[in-house]
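Here is how the chains run, residue by residue.
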Amino acid sequence: MKFSVRNYRPKDFETLYLIDRACYEPEIAYTRRELRWYLGLPATDCLVAEVRRSAKSMARQIAGFVIVASQKIHGHIITIDVVENLRRAGLGAALLDKAESRLRRRGVHEVWLETATNNNPAIAFWHKHGYRTRGRLRNYYPGGLDAFSMSKPLADSVPVEK
Ligand SMILES: CC(C)(COP(=O)(O)OP(=O)(O)OC[C@H]1O[C@@H](n2cnc3c(N)ncnc32)[C@H](O)[C@@H]1OP(=O)(O)O)[C@@H](O)C(=O)NCCC(=O)NCCS
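Residues numbered from 1 in each chain as written. Predicted model: local features only at pLDDT ≥ 70, side-chain atom pairs only at ≥ 80, totals over all residues.

Undergrad: What should I look at first to understand the sheet that holds strand E3 (residues 60-71) in this one?
TA: Pairing between the strands of a sheet comes from backbone hydrogen bonds, and it takes one of two forms, parallel or antiparallel. Across the sheet, which stays open at both edges, the 7 strands sit in the order E1-E2-E3-E4-E5-E7-E6 with mixed pairing between neighbours. Each having just a single partner strand, strand E1 (3-7) and strand E6 (132-137) make up the two edges of the open sheet. With direction set aside, neighbouring strand axes in the sheet form an average angle of 25 degrees. Bridging between E1 and strand E2 (residues 44-52) involves 5 bridges; their strand directions are antiparallel. Its bridge partner being in E2, Ser 4 is matched across the sheet by Glu 50. Together, E3 and strand E4 (74-82) form the strand contacts of helix H1 (residues 13-23), whose direction differs from that of E3 by roughly 85 degrees. (Pairing = 2+ DSSP bridges. Helix = DSSP H or I, 4+ residues; strand = E, 2+ residues; numbered from the N terminus. Axes fitted to C-alpha atoms, helices over the stretch in contact; angles between N-to-C directions. Contact = placed C-beta atoms within 7 Å.)

As structure tokens, this is what we get:
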């Protein structure tokens, strides 16, 4: 499947919100306010994956996105979401690869994330991409679900000035 990854544009907001709602249980999915807050954080990158609407059409539709933030040498994956019918086709990997490159350029040495302990597809995805479980965060999500805290060192980061 052909897809491309580009920077987020403000007019994408509602689509990203709806994709996030479709990806998670209602109590875990972001509200519009939360999503807006994450997108507005300093040193945040949001990347969007697009696919062609159909083989005959040149029009594109958003199929997934990733939001990452950084503070000095620490990076954080806020979320990565791919629409259900287009999963396992490499979109997640392409989004993550580009997001990690952005973090490297910002001087990040290590990336952290949280994922629900029952989210087996995501856990497999993170393991495939070199993330290792560092601990368990009890009652991390609304509703009392635990999260795994995971991290990965980023090689070849740009040194950060002190
Ligand atoms: C996690 C997610 C972003 C992966 O996106 P994707 O586009 O399917 O990812 P890719 O196609 O690049 O990679 C797929 C790899 O991830 C792992 N994986 C993904 N779904 C899996 C599943 N259902 N079962 C087992 N492994 C799975 C496998 O290693 C797989 O590789 P393979 O297809 O060669 O076996 C996607 O499943 C998603 O959006 N889930 C809902 C939102 C979410 O949970 N996000 C993560 C929050 S921490």
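Undergrad: Help me out: how do you make sense of the site of the ligand in this one?
TA: Taken together, the neighbourhood of the ligand is formed by 19 residues, with Arg 87, Gly 92, Ala 93, Pro 121 and Ala 124 sitting nearest. Every element with two or more residues in the shell around the ligand is listed here: E4, helix H3 (91-105), strand E5 (110-116) and helix H4 (120-128). For the shell around the ligand, the element with the highest residue contribution is H4, accounting for 5 residues. Partitioning the shell around the ligand into residue classes produces 11 nonpolar, 4 polar and 4 charged. (Near = placed C-beta within 6 Å. Nonpolar A, V, L, I, M, F, W, Y, C, P; charged D, E, K, R; others polar.)

Remember that the coordinates give geometry; whether it matters functionally is a separate question.
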